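Given next are the chains, with one letter for each unit.
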Amino acid sequence: EDTAARNYATFVAHLVVTVDADGEARIVTFAPETQARMNADASYRALAERARSAVLSPTCSKLPIPKKLLGQTRQLKFVFRP
């Protein structure tokens, strides 16, 4: 957490997370509204890229996917708030 970062308290990023059959995050892309904001604001871009890194980190990438949804690759929409 970088609580001193500009706009940290109100930061929100919309991510599209692709999980494998075991429920582990493998690919993270940004939703169009998040990508547009990243293109316009360098400090927002830095926070969004940190959000992507957090989801893909070995500590956090194993997501609590319901067992009935496991067994195949899926795309999930995330709203990331620190």
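This one's a predicted model, so the numbers in the text were calculated from it and none came from an experiment.

Draft legend 1. Geometry of the side chain of Thr-34. In this structure, Thr-34 sits in helix H1 (residues 32-40). Here Thr-34 is in contact with Ala-13, His-14, Tyr-44 and Ala-48, once residues within four sequence places are set aside.

Draft legend 2. Representation of the nonpolar core within the structure. Within the largest apolar cluster, 16 residues are counted, with the highest numbers of intra-cluster contacts made by Phe-11, Leu-15, Val-17, Tyr-44, Ala-48, Val-55 and Leu-63. Elements that contribute at least two residues to this core include exactly strand E1 (13-19), strand E2 (25-30) and helix H2 (42-56). Of all the elements, H2 adds the most residues to this core, at five residues. Setting aside residues up to four positions removed in sequence, Val-55 forms contacts with Leu-15, Val-17, Ala-25, Val-28, Cys-60, Ser-61, Phe-78 and Phe-80.

Draft legend 3. Molecular detail of the sheet that holds E2. What the three strands build is an open sheet, ordered E2-E1-E3; its pairing is antiparallel. The two strands at the open ends of the sheet, each matched to only one other strand, are E2 and strand E3 (74-80). Neighbour-to-neighbour, the strand axes of the sheet open up by a mean angle of 30°, direction not taken into account. Sitting on the sheet, H1 touches E1 and E2, and the angle it makes with E2 is about 65°. Against the sheet, H2 engages E1, E2 and E3, with an angle of about 160° to E2.

Draft legend 4. Structural context of H2. For H2, with 15 residues, the first-to-last C-alpha span of 21 Å sits near the 21 Å given by 1.5 Å per residue. Every buried residue belonging to H2 is among Tyr-44, Leu-47, Ala-48, Ala-51 and Val-55, and all of these are buried. Take H2 and look down its axis: the buried residues cluster within an arc of 100°, on one side only. Where the residues of H2 are buried, they touch E1, E2, H1 and E3.

Rules of the game
Residues numbered from 1 in each chain as written. Predicted model: local features only at pLDDT ≥ 70, side-chain atom pairs only at ≥ 80, totals over all residues. Heavy atoms only, no water. Helix = DSSP H or I, 4+ residues; strand = E, 2+ residues; numbered from the N terminus. Contact = heavy atoms within 4.5 Å. Core = buried A, V, L, I, M, F, W, Y, C linked by side-chain atoms within 4.5 Å. Buried < 20%, exposed > 50% of the residue type's maximum accessible area, 1.4 Å probe, protein only. Pairing = 2+ DSSP bridges. Axes fitted to C-alpha atoms, helices over the stretch in contact; angles between N-to-C directions. Expected span 1.5 Å × (residues − 1). Arc of directions from axis to C-beta.

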